[in-house]
Amino acid sequence: MISNGKISAGIDIGSRSVKVVLWDGLNVTSRTIIPTGWYPGDSAAKAYQAALSQAGLERAEHILATGYGRFKADFADGQVTEITTHAKGISLTLPQARALIDIGGQDSKAMIIGEGGIVRDFAMNDRCAAGSGKFLEYLSSAMAMGVEEFAALGMESNNPALISTVCTVFAETEVLSLLAEGVSKQDAAAGVHRAIAKRVAQMAASLHPPAPIAFAGGVALNQCMVRELSNALGCDIIVPEYPLFNGALGAAVIAFERI
Amino acid sequence: MLRPHKNCHQKMRARQIDYREWHHLFRQIPEELVESTRYYRHLNDAEWSKYLFPPSTHAVYGNRLLRKLKFDNSLASLRLWGFAMSEGERLYRARQSGYRVIAEMGDLGAVTPLVHSFPDTISFYPDCLWWTPFLMESHVLFNEAAEFGLGEDCCFVRAAIGGYSKRAYFPKPDLNIGVTGATCDDMAAVMSEIALSGDEIHWFELPHRSEDNFQYSKKFLAGEHKKLCNKMEELTGVKFSESRFNDVVDKVNRLRSLIKECKELTAADGLNPIGGIEMMNVEFSALSYYADLDECLSVIEDFRDMLKARVNAKEGYTGQDIKIIWVTPAADPILINYLEELGGRIAGSEYVINQVTSRIRKDCSPFEALAEAQLQGSLMGSSAFRAQLVLDEIERTKADGAIISGIFGSSHCPFETSIIIKAVREKGLPVLAFDTAQPGKVKLQSQIYNRMQAFMESIRISRSRYAG
Amino acid sequence: MPGEMNPRERWGLLLIDEIPDRPPVYPLVTSHAAAAYGCDLIQYCTDGEVLAEAQLYAQRLYQHEGLSVFTDVGIIAEAMGSKYHLREYEVPILDSPIIQNPEAVEDLRIPDPVQDGRLPVYLEAIDKLYTAAGDILPVFAFIPCPFTTSAGLRGTEEFLISTALAPENAHKLLEISLQAAVKFCDECILAGALPVLVDPLASGSVISRSTFSQFASPYTRRLIEHLHRYDLDIMLHICGDTSGMLDLIPATGADLFSMDKADISSAIAICGDKIRLAGNLPPHGLLEVSRIDMAQKAEEAVEKGITNPKGFVLSTGCEAPIKASPEKLHKIIEIGRKSHYDFKW
């Protein structure tokens, strides 16, 4: 791919945030993120405009939307699922990756990546909150703290508690009972991370993912989750520099190919 | 047989249209054609026997999903839809006209030829009521099933018990045949509840099939058919007649070969000649002939002619170029439209009805012949057998991938799905599996759409890369 | 209750000549729904969402067996240009008809249901009702017959005079009213409703048998023929006294006759083998001040009605008054719900 002076845009409208990447064929020229809020379409437009002003541009030649809210961006030239865009994104930032796990706000996915970022196979967990960023948020708030603090706490533990249930509702009760029984906050927090990691790893295992496995999506910023996922998969995992923007980057790259 | 529509072929490009467009197009169909398209023709055009009506008619009476579906725009397809959608009323009209109405449960088409060989007798499948909640976008029948303890952990066939309990979906059957054993466990649970509620069931045992005991299974099954035959004789007061049976078998074999032909035409190279929902309606006509075997033959023959004409003329829908094998019928038909919207076409299928696809032999005893056909059942024996059926379809149609639409709670789905997935992947083909969402669960449905879109994108990108 | 039929199932059986567990109970709860819901009639007649909400509210309150989309019989005439006066606590009335001289008929155009007059109010209400409860409850859209619409276009008196003095002109008007009704019916069907045809002006209290046969019935029949082409089962409602024209009703092609002032037993004797009947509790009996024993009326109606071989629906003879007593409505519905056919499955 070469830069031809043109610019494409990838807009990833997730359940928690909208991410925008502008791409000139060789480099990312702008990156913006804003909360999705109540009106995903409006937020997408706002984030796109912010990205353009950051890059000092008026418009992009081709815009592709991805993520659950992709159909809400009526100004986009097309829509692509986040499976395809994540695979494409990681093929640029971590071309050695053969498999990718993405844990987003409301779902998690695993995919096998072929040459040039082609999706060979994929699996998704999107039926309940367990195995997603939502599960972490829910349980950290049950322990009266933010997700970052929760992750940091988990990193302090060498002995994660066993959370036996995978249901978000029951997990809260279980965590509170563990705390009542004297289990440390650190071990409880690490236990929650381990429960999600196990569930995601189980889903990924159905695809027999080859190494190296990359990890993207907002939850990949969580060091405790990186550690636990690596344990659950039984191998090292690699995280791109901007895991949150991976889908938007993939969308921008595909958009550029369509110019 | 009267084939009125022959003189009235629409000169329209093949495409999929919505219920609104059909409503307006319908006005252009000549009155004589609507008047002469009838079921139970031997009743000399009974006032109520017309059935060539557009989807909007059935939508007004509560089939709300029809407002969202895409339909093929041929007259033959309209006739097929009208015929299939009028089955419920037809059962009542049959009863009003003095016919015996037999409920067949759990075997999906294997005993129908025997039942239909008795005079003035038609049959239907309470199992197929599983489509009603989806067509009506309603929980009425599922809520009713829940009153009997059959909730979301049971397959959608639980709607059948709602039909029995509400007494407003089919006339009280003169006989309930319950096929149990090596078939769907959920339907067996449903039948048990029906029996416990006071509706007598004639039980028919389906043995396990394996290569080692094939002859034993066949003999056993032939015995079950004999017992059913005795029951039918007792019910009707009429002796089983081999010649009547042979007449029915001739027609049934003709129907099966027409369906096979339609399936072959559907997989033809070039443009997709027909919608997946229409083809699902065609395939399911093999179960109980939509309660009128003669008319069913005419409807399917007409449909085959239309398909043949399209394939010969290289006519079809544009933009549907990815061939998919659909495994397990879609309880929610809109999923098939989703696939088509995303550029897919259903080129082949494994709808758990392999038992009604082969010709019934006429060179052996009727009971043996029926047993032999029944032993080809999709749900009998090992899951590997069913996986092989899927692979055969892939081979036959040169498909690009397979979709398995499972049912949450269905007893056979979880076991079979992983085995079929493995078999398809070993062939190097992509496969997507999901559980069909309950009617009205928009969020779950959109997630299925999301997966389907990702699946189609990955096939398309791989294809273009290899082509490049 | 397990095993109990819902309204959709009950009506469904009736329409295919089967006997359900009991007759559907369907008093004409139309504008009264606005009063029950607590909105004024201007809102009810001009906002499809309010109409739908009021209907759903009233149905939940009374548990009658159908949702009714009806504001007034001028709905089509208004969309063609006649002016109607909307009132807060009474139904709209004709203010000034569009046709002020006979030649003006030529200038009329068929309205677009999606944008003309208050026709979109109907369509929005139907869609909302069908989406909310169409699996359990039938949605009925009340459409004025060509005869009644023509009166709304020309002015009642002028139109009735024209049937005698300028019949050709009257037929022209009826023809375009018919086309307008066909188009509107189609849109109502597509929105999810079964049309119910209403022809208050064709009442025996207003016109003669011969006017009915020459001017009202033929156009109603053609409208019904159009709907029958789609295999739709059509209810015809004529207000007022129809006892003198019961024998003429089957010729309209209607499948169900919703009758007002006529004796049910006589109706059964005259046309019960050809047509289903609905009726016919006196609406004014539902007023608080009325001394009519509505419970007794309902019991009598059921007793007679269930003997109709083609089937029966317990209903009011006309719309329940806006100020109907909820207690009385509850009472007649309760009696209807206790009735039963000799249903054997």
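What you are looking at is a predicted structure, and each value in this text was computed from that prediction instead of being measured.

What counts and how
- Residues numbered from 1 in each chain as written.
- Chains lettered and ligands numbered in written order.
- Predicted model: local features only at pLDDT ≥ 70, side-chain atom pairs only at ≥ 80, totals over all residues.
- Heavy atoms only, no water.
- Helix = DSSP H or I, 4+ residues; strand = E, 2+ residues; numbered from the N terminus.
- Rg over C-alpha atoms; globule rule 2.2 N^0.38 Å.
- Buried < 20%, exposed > 50% of the residue type's maximum accessible area, 1.4 Å probe, protein only.
- Contact = heavy atoms within 4.5 Å.
- Areas by Shrake-Rupley, 256 points an atom, 1.4 Å probe, with all protein chains shown as cover.
- Lys, Arg positive; Asp, Glu negative; His and termini not counted.
- Charge placed at Lys NZ, Arg CZ, Asp CG, Glu CD.
- Core = buried A, V, L, I, M, F, W, Y, C linked by side-chain atoms within 4.5 Å.
- Phe/Tyr/Trp six-rings, centres within 6.5 Å; stacked < 30°, edge-to-face > 60°.
- Buried area = accessible area lost by both parts, 1.4 Å probe.
- Salt bridge = Lys/Arg side-chain N within 4 Å of Asp/Glu carboxyl O.
- Polar contact = N/O pair within 3.5 Å; in protein donor to acceptor, adjacent residues only side chain to side chain.
- Nonpolar A, V, L, I, M, F, W, Y, C, P; charged D, E, K, R; others polar.
- Patch = residues over 30% accessible without salt bridge, like charges linked within 9 Å, V, L, I, M, F, W, Y side chains within 5 Å.
- Axes fitted to C-alpha atoms, helices over the stretch in contact; angles between N-to-C directions.
- Left-handed = near helix turned anticlockwise from the far one by under 90°.
- Pairing = 2+ DSSP bridges.

Asker: How do you make sense of the overall build of chain A when you look at a structure like this?
Answerer: The helix and strand inventory of chain A stands at 8 helices and 10 strands. Against the compact-globule benchmark of 18 Å for 259 residues, chain A has a radius of gyration of 19 Å, which places it among compact chains. Oriented by its inertia axes, the alpha-carbon framework of chain A measures out at about 60 × 40 × 30 Å. Split into buried and exposed, the 259 residues of chain A put 56% on the buried side. Sequence-distant contacts, at least 24 apart, represent 64% of the contacts inside chain A between residues at least 6 apart. Summed over all atoms, the accessible surface of chain A reaches about 10,700 Å², with 53% contributed by carbon and sulfur. Chain A carries 20 positive and 25 negative side-chain charges, and their two centres are separated by 4 Å.

Asker: Help me understand the environment of B:K231 in this model?
Answerer: Residue and element names in this part refer to chain B. With respect to the helices and strands, K231 occurs in helix α11 (residues 214-236). Placed 37 residues apart in sequence, K231 and I194 show a C-alpha to C-alpha distance of 19 Å. Those residues within four positions of K231 in sequence are excluded, and the remaining contacts are L175, E200 and H202.

Asker: When you look at the nonpolar core in this model, what are you seeing that I'm missing?
Answerer: The nonpolar side chains of a soluble globular protein tend to be buried, and buried together. Membership of the largest hydrophobic core comes to 290 residues, with the highest contact counts inside it found for B:I300, B:F303, B:W326, B:M452 and C:L197. It is helix α9 (residues 167-191) of chain C that contributes the most residues to this core, 14 residues altogether. With sequence-adjacent residues up to four places away left out, B:W326 is seen in contact with B:L335, B:I336, B:L339, B:I346, B:G348, B:S349, B:E350, B:Y351, B:I403, B:S405, B:F434 and B:M452.

Asker: For this particular structure, what's the right way to read the packing of aromatic side chains?
Answerer: For any pair of aromatic rings, geometry is given as the distance between the ring centres together with the angle between the planes. Here the structure, examined in full by the defined rule, presents 36 aromatic pairs over all chains. Here the aromatic rings of B:F170 and C:W345 are separated by 5.8 Å at their centres, their planes lie at 50°, and the arrangement is tilted. With B:F170 in the loop between α9 (159-166) and β5 (175-181) and C:W345 in the segment after α13 (326-338), this residue pair bridges two chains. Looking at B:F170, the relative accessible area reads 1%, which means it is buried.

Asker: Is there a simple way to explain the interface of chain A and chain B in this structure?
Answerer: Accessible area lost upon the coming together of the parts serves often as the stated size of an interface. In this assembly, 23 residues from chain A lie in contact with 19 residues from chain B. Buried area between chain A and chain B, both sides added, is near 1,800 Å², and the carbon and sulfur share of it is 46%. Taken together, the links from chain A to chain B amount to 1 salt bridge. Between A:D121 and B:R425 there is a salt bridge; the shortest N-O distance is 2.3 Å. Run the count over chain A and chain B and you get 8 residue pairs in polar contact (both at pLDDT 80 or more). When residues of the side of chain A that touches chain B are traced back to their parent elements, those giving at least two are α2 (82-93) and β8 (119-125) of chain A. Per-element tally for the side of chain A that touches chain B: the top contributor is β8(A), with 5 residues. The residue makeup of the side of chain A that touches chain B, split by class, is 9 nonpolar, 6 polar and 8 charged.

Asker: Looking at this model, I keep getting lost on the interface of chain C and chain B. Mind explaining?
Answerer: On the chain B side, the residues contacting the 38 residues of chain C number 43 residues. Between chain C and chain B, roughly 3,600 Å² of surface is buried when both sides are summed, and carbon and sulfur atoms account for 52% of that area. Linking chain C with chain B are 7 salt bridges, by the criterion used here. Residue B:E31 pairs with C:R229 through a salt bridge whose shortest N-O separation is 2.6 Å. In this assembly, chain C and chain B are joined by 29 residue pairs in polar contact (both at pLDDT 80 or more). Put simply, the parts of the chain that give the side of chain C that touches chain B at least two residues each are α1 (7-15), α6 (119-133), α9 and α10 (209-229) of chain C. A total of 6 residues in the side of chain C that touches chain B trace back to one element, the largest contributor, which is α9(C).

Asker: Hey, could you run me through a negative patch on the surface in this one?
Answerer: All names here are of chain C. A contiguous patch of negative charge on the surface is contributed by D47, E49, E53 and E124. Residue position: E124 is located in helix α6. What makes E124 partly exposed here is its relative accessible area of 32%.

Asker: I'm lost on the packing of helix α7 (residues 146-154) of chain C against helix α8 (residues 156-165) of chain C in this one. Help?
Answerer: Two measures define how a pair of helices packs: the angle their axes make with one another and the distance between the axes. All names here are of chain C. Between α7 and α8, the shortest axis-to-axis distance is 6 Å and the interhelical angle comes to 115°. Viewed along their axes, α7 and α8 form a crossing whose handedness is right-handed. Where α7 abuts α8, its residues F147, S150, A151 and R154 lie against T156, E158, F159, L160 and T163. Among the residues forming the contact of α7 with α8, the class breakdown is 4 nonpolar, 3 polar and 2 charged.

Asker: When you look at the environment of C:D231 in this model, what are you seeing that I'm missing?
Answerer: Among the structural elements, C:D231 can be located in the loop between α10 and β6 (235-241). Taking C-alpha positions, C:D231 is 33 Å from C:D107, a pair spaced 124 residues apart along the chain. Look past the residues within four positions of C:D231 in its chain and what remains in contact with it is B:F53, B:T57 and B:Y61.

Asker: Please explain the pattern of salt bridges as it appears in this structure.
Answerer: Any two side chains of opposite charge can pair if their charged atoms end up close together. On inspection of all chains with the given rule, the structure shows 67 salt bridges over all chains. We note a salt bridge from B:E137 to B:K68, for which the minimum N-O separation is 2.5 Å. Of this pair, B:E137 sits in the loop between α7 (132-135) and α8 (140-147) while B:K68 sits in the loop between α3 (55-60) and β2 (71-72), and the two are 69 residues apart along the sequence. Two residues, B:K218 and B:E372, come together in a salt bridge whose shortest N-O distance is 2.7 Å. On the criterion of sequence distance, the pair formed by B:K218 in helix α11 and B:E372 in helix α16 (residues 366-374) is long-range, its members being 154 residues apart. Relative accessible area serves as the criterion here: at 10%, B:K218 is assigned to the buried category. Through salt bridges that share partners, B:E89, B:R93, C:D17, C:D233, C:R276 and C:K310 make up one connected network.

Asker: Any chance you could explain the sheet that holds strand β8 (residues 276-281) of chain C here in plain terms?
Answerer: Sheet strands pair via backbone hydrogen bonds, and the direction of the pair is either parallel or antiparallel. Residue and element names in this part refer to chain C. Spatial ordering of the open sheet is given by β1-β4-β5-β6-β7-β8-β9, a layout of 7 strands whose pairing is parallel. At either end of the open sheet lies a strand with only one pairing partner, and these are β1 (67-69) and β9 (312-316). Each strand axis lies, on average, 25° off the axis of its neighbour in the sheet, ignoring direction. Two strands pair when backbone bridges link them, and β8 and β9 are joined in this way by 5 bridges, in the parallel orientation. Bridging across to β9, G279 finds its partner in L314.

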